[in-house]
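# Observations on chain architecture
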Amino acid sequence: MVPTITLNDGVQVPQLGFGIWQVEPGRPTVDAVTQAFEAGYRHVDTAQMYRNEEGVGQAIAESGLSRDEIFVTTKLNNNRHGREEAQKSLEESLTKLGLDHVDLFLIHWPLPARDDFVDTWRGLEDAKAAGRTRSIGVSNFQVAHLDRLAAETDTVPSVNQIELHPTFGQPELRAYHRDNGIATEAWSPLGQGGPLLSAPIVTALAEKYGRSPAQVVLRWHLQLGNIVFPKSVTPARIRENIDVFDFELADDDVATLSGLDEGEAGRLGPNPDNLS
Ligand code: NAD
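In what follows, the accompanying structure is described. Position numbers for residues count from 1 along each chain, tracking the sequence in the order it is written. Under the rules for a predicted model, residues below a pLDDT of 70 receive no local features and side-chain atom pairs below 80 are neither given nor counted, while totals for whole chains, interfaces and linings still include all residues. With hydrogens and water excluded, all non-hydrogen atoms of the structure serve as input to the side-chain values.

Let's shift gears to the pattern of salt bridges. Opposite charge on two side chains makes pairing possible when the charged atoms of those side chains draw close. What counts as a salt bridge is simple: a side-chain nitrogen of Lys or Arg found within 4 Å of a carboxyl oxygen of Asp or Glu. Counted by the stated rule, this structure contains 16 salt bridges. A salt bridge links arginine 148 to aspartate 115, with the shortest nitrogen-to-oxygen separation between them at 2.6 Å. With a gap of 33 residues between them, arginine 148 in helix α5 (residues 143-152) and aspartate 115 in the loop between β6 (102-107) and α4 (117-129) connect regions that are remote in the sequence. Of the charged contacts in the structure, one is a salt bridge between aspartate 243 and arginine 211, with a shortest N-O distance of 3.6 Å. Taken together, the residues aspartate 243 in the loop between α9 (235-242) and α10 (251-258) and arginine 211 in the loop between α7 (200-209) and α8 (213-224) connect sequence positions 32 residues apart. Exposure is judged per residue with a 1.4 Å probe applied to protein chains only, and the accessible area is read against the type maximum: over 50% gives exposed, under 20% gives buried, and values in between give partly exposed. Judged by its relative accessible area of 17%, arginine 211 falls in the buried class. Look at the salt bridges and you will find they share partners, linking Arg80, Glu85, Lys88 and Glu92 into a network. Strands are runs of DSSP state E lasting at least two residues, helices are runs of H or I lasting at least four, and both sets are numbered from the N terminus onward.

Here is the structure:
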């Protein structure tokens with residue numbers, strides 16, 4: 001039901017997955033991920049920082065799904081940068097997840113003031129070579145950070161997971177990704193459920209297509225080629241957010257939504273250049 005995107009190393013990722021930032025560890029995570037599997041999701045986006053990897057592991061174990069049916073991403077915590085440390089922390093994640101490998105491992109934030117993301121990236125290359133992750137990528141990297149990886153290392157990240165929604169369209173990074181074979185993963189694809197979903201242009205398109213505002217925004221991402229993992233703990237919304245493969249936005253409606261871009265003013269999270 002969900003199409004896949006082929007990454008630059010040949011690994012295939014379901015284009016729509018399930019995000020679990022701010023989902024409480026333990027039972028709430030197990031329940032939400034279980035609901036997601038029942039609704040048809042096969043891709044889960046977690047992080048060491050979210051403290052809910054054990055819940056993901058429990059939901060996977062209870063699901064009866066085979067390992068190769070599920071795509072699991074986790075991300076390196078900010079206090080675990082460094083070549084050795086990154087590999088050690090991935091081993092801890094694997095124990096929590098109850099898995100012998102993840103599908104995608106990301107550097108969560110570049111933390112440029114520390115000047116250690118290149119060394120950390122070599123740790124991810126090692127982890128991939130050791131079979132502990134099928135793919136490696138980054139998150140919240142700006143063009144300058146990607147340029148440094150290209151100049152100083154041998155591996156182009158398979159993905160860059162960045163804040164991206166119609167009100168924060170990231171045209172420069174998207175063009176860079178396209179030119180360099182990096183898949184774009186969009187975090188907070190629904191603008192965290194804020195004013196975006198009640199913007200008049202979005203609600204008018206929802207009415208036109210007979211779908212919800214969230215579904216219209218998710219179609220915008222999918223038609224641009226972004227990988228998305230909307231978050232919800234509400235069963236009806238979990239189902240609604242994956243029920244987006246039986247309609248298509250017209251090209252001019254995609255362009256209208258792209259016109260909502262507010263540039264830097266549309267950013268909801270931290271500017272990666274300033275996070276240390
Ligand atoms: P999101 O854009 O997915 O919005 C989630 C919120 O939108 C929900 O809490 C709910 O309030 C609302 N919502 C969800 N479905 C809805 C629906 N159908 N109708 C109306 N409202 C709905 O926000 P997010 O959780 O920030 O982002 C998604 C995922 O991206 C995260 O869970 C996480 O996996 C990832 N993420 C990564 C980073 C990073 O630094 N790499 C940062 C933030 C998020």
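From this point, the discussion proceeds with the structure in view.
The residue aspartate 126 is located in helix α4 in this model. Its relative accessible area of 23% is what places aspartate 126 among the partly exposed residues. Sequence separation between aspartate 126 and leucine 65 is 61 residues; the distance between their C-alpha atoms is 28 Å. When sequence neighbours within four positions are dropped, the list of residues in contact with aspartate 126 reads Arg83 and Gln87. It only takes one pair of heavy atoms within 4.5 Å for two residues to be counted as in contact.

Time to look at the pairing of strand β7 (residues 133-139). Where burial is concerned, most of β7 is hidden: six out of the seven residues are buried. Where β6 and β7 come together, five bridges link them in parallel fashion. Counted as the bridge partner of leucine 104 is serine 135 from β7. Each parallel crossover has a hand, and the one from β6 via α4 to β7 is right-handed. When DSSP locates at least two bridges between a pair of strands, those strands are taken to pair. Crossovers are described as right-handed under a simple rule: with the strands pointing away from the observer, the path leading from the first strand over the helix to the second runs clockwise.

Turning to the side chain of arginine 211, a few remarks are in order. A 3.5 Å cut-off defines polar contacts: any pair of N or O atoms within that distance qualifies, except that in protein one atom must be a possible hydrogen donor and the other a possible acceptor, and neighbouring residues in sequence count only when both atoms are side-chain atoms. Reaching out from arginine 211, the side chain makes a polar contact with the backbone oxygen of aspartate 243 at a distance of 2.6 Å. Residues in contact with arginine 211, not counting those within four places in the same chain, are Ala206, Asp243, Asp246 and Phe247.

This part covers the site of the ligand. To be near a molecule or strand, a residue needs just one of its heavy atoms within 4 Å of it. Taken together, 26 residues are adjacent to the ligand, and Asp45, Ser139, Ser188, Leu190 and Asn241 come closest. At 3.2 Å, a backbone N or O of isoleucine 20 approaches an oxygen atom of the ligand. Interatomic distance of 2.7 Å between a side-chain N/O atom of aspartate 45 and an oxygen atom of the ligand. To measure how exposed things are, a 1.4 Å probe is used in the Shrake-Rupley method; for residues, cover is taken only from the protein chains shown. In isolation the ligand has 830 Å² of accessible area, and contact with the protein removes 89% of it. Broken down by element, the shell around the ligand gets its largest block of residues, three residues, from α9. Charged means Asp, Glu, Lys or Arg here, nonpolar means Ala, Val, Leu, Ile, Met, Phe, Trp, Tyr, Cys or Pro, and polar covers whatever is left, Gly included. Broken down by class, the residue content of the shell around the ligand amounts to eleven nonpolar, ten polar and five charged.

Take unusual backbone geometry next. The phi dihedral of glutamine 22 falls on the positive side, at around 70°, and the residue is not glycine. Relative to the elements of secondary structure, glutamine 22 occurs in the loop between β3 (18-19) and α1 (27-39). Taking relative accessible area as the criterion, glutamine 22 reaches 55% and is therefore assigned exposed.

What follows covers helix α3 (residues 83-97). Expected helix span is computed as 1.5 Å times (number of residues minus one). Helix length check: α3, at 15 residues, gives a terminal C-alpha distance of 22 Å against a target of 21 Å (1.5 Å per residue), a fit within 8%. Listed as buried for α3 are Ala86, Ser89, Leu90, Ser93, Leu94 and Leu97. Burial along α3 is one-sided: seen end-on, the buried residues are contained in an arc of 150°. For α3, the exposed residues set more than 90 degrees away from the buried face come down to Glu84 and Thr95. Buried residues along α3 sit in contact with α2 (53-63), β5 (71-76), β6, α4 and β7. Think of the arc as the fan of directions from the helix axis to the C-beta atoms.

Attention now goes to the sheet that holds β7. Reading across from one edge, β3-β4-β5-β6-β7-β8-β9-β10 is the order of the eight strands in this open sheet, with parallel pairing throughout. Of all the strands in the sheet, the pair left with one neighbour each is β3 and β10 (227-228). As paired elements, strand β4 (residues 43-45) and β5 share three bridges and run parallel to each other. Counted as the bridge partner of histidine 43 is phenylalanine 71 from β5. Each axis is a line fitted through C-alpha atoms, and for a helix only the stretch in contact is used; angles between axes span 0 to 180 degrees, taken between their N-to-C directions. Across the sheet, helix α6 (residues 171-180) touches β8 (159-163) and β9 (183-187), and the angle it forms with β8 is around 170°.

Moving on to the pairing of β8. Burial analysis of β8 places five of its five residues in the buried class, the great majority of the element. As judged from the two bridges shared by β7 and β8, these two strands associate in the parallel manner. Paired with valine 138 across the two strands is asparagine 160, which belongs to β8.

Note that all results are geometric; they support no functional claim without further evidence.
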